[in-house]
Amino acid sequence: MRTGVITGLGSALPEQVLTNKDLELSANTNDEWIVDRTGIRERRIGGMTSTLSVEAGRKALDQSGIDPAEIDLLVLATTTPDQMVPATASVVQHQLGLNCGAFDVNAACSGFTYGLVAAQGMVTIGVNNILVIGCDSLSRITDYTERNTAILFADGAGAAVLQVQEADTPAMLGWDLGSDGAAAGILYAEIGGKLVMEGREVFRRAVRVMVDSARKTMEMAGVTADEVALVVPHQANIRIIESAMNKLDLPMEKAALNLARVGNTSSASIPMALDEAVADGRVKPGDLVLLVGFGAGMTWASAMLRWDGA
Ligand code: ACO
């Protein structure tokens, strides 16, 4: 069968560091509370979605060793496009010198996994090589004087090259995509406005949907929790991750974590954490890797990968 294998990963962060101490100056909050209630110590801000996407995309292409002329499709997951029109994917495609189709996906923090699942489907209908990027510049829609959201949101990009292989089993063993638009009002930004969030409600639902989605994906993959080598959760809040891991009977040592340094980067969160975990040698060929996230919408998404690439 045709299956898409990740053969390269890349990440990008803007240079400006925003620490919890910095936030004490703009919002009514403090370092101790933020670390205790979220696990975040600092984050990066100041990026443009196209610029960060190009940097992460180029690194992923370099790592895979693929000739950019061989890329057949670019999928860019973002909830913060540079402009309303055109899709930022087209801008990134041009800047990377790719000659292929390109489109944006907006599923907020679930966006990268949505994009990866869609890309995997495209491989089965004949597309050979796909660049999937998750990128957000949430600093553009975050009010850093409003403590509820200021402490969480930041900028970043992560990218993966998916290359076709002929194999006996699929590289993506299971997946789950979901949405509940009835909860759209708990996390949103009007066009031209800033993020508004009911934090406690998002927290409560996030744990539930992460657990349900991960279970569905494990069931589809025919895999039990103890067989999973690495979980790459959306980096929203360490307490959400701990609670979900606990309910799934997965030890925290199996979680890829970078939120202390980068905060919540929405669509970039999962690919950046995956990139770091792979660079740190935490994933071996054949390992089962579970991606699981949730976001505004509400949306949620998970995927079980059999690691053979990168
Ligand atoms: N700094 C200091 N104190 C604070 C802060 C703050 N930033 N925020 C709240 N407090 C205080 C409150 O006033 C309250 O004080 P009180 O007990 O004296 O009344 C106390 O801390 C607890 O407040 P809660 O609102 O219950 O705080 P909670 O523990 O829920 O933490 C947080 C708030 C961090 C926002 C949490 O609810 C959360 O992480 N929610 C999920 C958010 C999330 O993941 N969003 C991303 C979704 S993904 C996407 O699509 C972008």
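These figures come from a predicted structure and were not determined experimentally.

Caption draft 1: A look at the overall build of the chain. Across its full length, the chain carries ten helices and 13 strands. Relative to the 2.2 N^0.38 estimate, which gives 19 Å for 310 residues, the radius of gyration of the chain is 18 Å and therefore close to what a compact globule would have. Along the longest, intermediate and shortest principal axes, the C-alpha atoms of the chain span 55 × 45 × 35 Å. Taking as baseline every contact in the chain between residues at least 6 positions apart, the subset at least 24 positions apart corresponds to 78%. With the model as given, the accessible surface of the chain reaches about 12,600 Å², and the carbon-plus-sulfur share is 50%. Averaged over its 24 positive side-chain charges, the chain has a centre that lies 6 Å from the centre of its 37 negative ones.

Caption draft 2: Summary view of the domain arrangement of the chain. On domain assignment, one finds that the chain holds domain 1 (2–166) and domain 2 (172–306). Of note, the centres of domain 1 and domain 2, computed from C-alpha atoms alone, are 15 Å apart. In this complex, domain 1 contributes 48 residues to the contact, which on the side of domain 2 involves 44 residues. Of the roughly 3,600 Å² buried where domain 1 meets domain 2, counting both sides, 64% is carbon and sulfur surface. For the pair domain 1 and domain 2, the number of links is zero salt bridges.

Caption draft 3: Structural detail: the site of the ligand. Looking at the ligand, there are 27 residues lining it, with Thr29, Cys109, Arg200, Asn237 and Ala296 nearest. Between the ligand and the protein, one listed contact pairs an oxygen atom with a side-chain N or O atom of Arg147 at 2.9 Å. Gly199 places a polar main-chain atom, nitrogen or oxygen, 2.9 Å from a nitrogen atom of the ligand. Considered on its own, the ligand offers 1,000 Å² of accessible surface; in the complex 75% of this is hidden by protein.

Caption draft 4: View of the nonpolar core. If you look at the biggest cluster of nonpolar residues, it comprises 48 residues, and the most contacted ones within it are Leu23, Val228, Val231, Ile240, Leu250, Phe294 and Met304. In terms of residues, this core owes the most to one element, helix H7 (residues 199–221), which gives nine residues. When we break this core down by domain, the ones giving at least three residues each are domain 1 (2–166) and domain 2 (172–306). Those residues in contact with Val231 that lie beyond four places of it in its chain are Met245, Leu250, Lys254, Ala255, Ala256, Leu290 and Val292. Membership of the second largest hydrophobic core comes to 34 residues, among which are Val105, Val117, Ala119 and Val123.

Caption draft 5: Expanded view of the packing of helix H3 (residues 49–64) against helix H4 (residues 88–95). Between H3 and H4, the least distance of the axes is 9 Å, while the angle of their chain directions is 50°. Comparing the axis directions of H3 and H4 gives the class oblique. Viewed along their axes, H3 and H4 form a crossing whose handedness is right-handed. Facing Thr49, Ser50, Ser53, Val54 and Arg58 of H3, the residues of H4 in contact are Thr88, Val91, Val92 and Gln95.

Caption draft 6: Examining the packing of H7 against helix H8 (residues 238–247) more closely. Packing of H7 against H8 leaves a shortest axis separation of 9 Å and a crossing angle of 40°. The orientation of H7 with respect to H8, classified from their angle, is oblique. Both H7 and H8 take part in a crossing whose hand is right-handed. Between H7 and H8, the contacting residues are Phe203, Ala206, Val207, Met210, Val211 and Arg215 on the first element and Arg239, Ile240, Ser243, Ala244 and Lys247 on the second. Tallied by class, the residues present in the contact of H7 with H8 amount to seven nonpolar, one polar and three charged.

Caption draft 7: How the structure looks around helix H5 (residues 111–124). With 14 residues, H5 ought to run about 20 Å at 1.5 Å a step, and its terminal C-alpha atoms sit 20 Å apart, in line with that. Buried residues dominate H5, accounting for ten of its 14 residues. Gly111, Phe112, Thr113, Tyr114, Gly115, Leu116, Val117, Ala119, Gln120 and Val123 are the residues of H5 that are buried. Among the residues trailing H5, Gly126 stands out with phi positive, at a value near 115°.

Caption draft 8: Expanded view of the side chain of Thr38. Note on placement: Thr38 falls in helix H2 (residues 31–38). Once residues within four sequence positions are removed from consideration, Thr38 is found in contact with Trp33, Ile151, Leu152, Asn237, Ile238 and Leu259.

Caption draft 9: Representation of the environment of Leu248. Mapping Leu248 onto the fold places it in the loop between H8 and helix H9 (259–262). By relative accessible area, Leu248 is classed as buried at 8%. Note: C-alpha distance between Leu248 and Val123 (125 residues apart in sequence) is 30 Å. Setting aside residues up to four positions removed in sequence, Leu248 forms contacts with Val211, Ala214, Arg215, Met218 and Ala225.

Caption draft 10: The arrangement of the sheet that holds strand S6 (residues 129–137) in detail. As summarised here, the arrangement of the five strands in space is S1-S7-S6-S4-S5, forming an open sheet in which the pairing is mixed. Each edge of the open sheet is held by one strand with a lone partner, namely strand S1 (2–12) and strand S5 (101–105). For this sheet, the mean inter-axis angle between neighbouring strands, taken without regard to orientation, is 20°. Taken together, the five bridges between strand S4 (residues 73–77) and S5 define a ladder with parallel strand orientation. Bridging from a neighbouring strand, Val75 pairs with Phe103 of S5. Packed on one face of the sheet, H3 meets S1, S4, S6 and strand S7 (155–166) and runs near 125° to S1.

About the thresholds
Residues numbered from 1 in each chain as written. Predicted model: local features only at pLDDT ≥ 70, side-chain atom pairs only at ≥ 80, totals over all residues. Heavy atoms only, no water. Helix = DSSP H or I, 4+ residues; strand = E, 2+ residues; numbered from the N terminus. Rg over C-alpha atoms; globule rule 2.2 N^0.38 Å. Contact = heavy atoms within 4.5 Å. Areas by Shrake-Rupley, 256 points an atom, 1.4 Å probe, with all protein chains shown as cover. Lys, Arg positive; Asp, Glu negative; His and termini not counted. Charge placed at Lys NZ, Arg CZ, Asp CG, Glu CD. Domains from an automatic or database assignment. Buried area = accessible area lost by both parts, 1.4 Å probe. Salt bridge = Lys/Arg side-chain N within 4 Å of Asp/Glu carboxyl O. Near = heavy atom within 4 Å. Polar contact = N/O pair within 3.5 Å; in protein donor to acceptor, adjacent residues only side chain to side chain. Core = buried A, V, L, I, M, F, W, Y, C linked by side-chain atoms within 4.5 Å. Buried < 20%, exposed > 50% of the residue type's maximum accessible area, 1.4 Å probe, protein only. Axes fitted to C-alpha atoms, helices over the stretch in contact; angles between N-to-C directions. Parallel < 35°, antiparallel > 145°, perpendicular 65-115°, else oblique. Left-handed = near helix turned anticlockwise from the far one by under 90°. Nonpolar A, V, L, I, M, F, W, Y, C, P; charged D, E, K, R; others polar. Expected span 1.5 Å × (residues − 1). Pairing = 2+ DSSP bridges.

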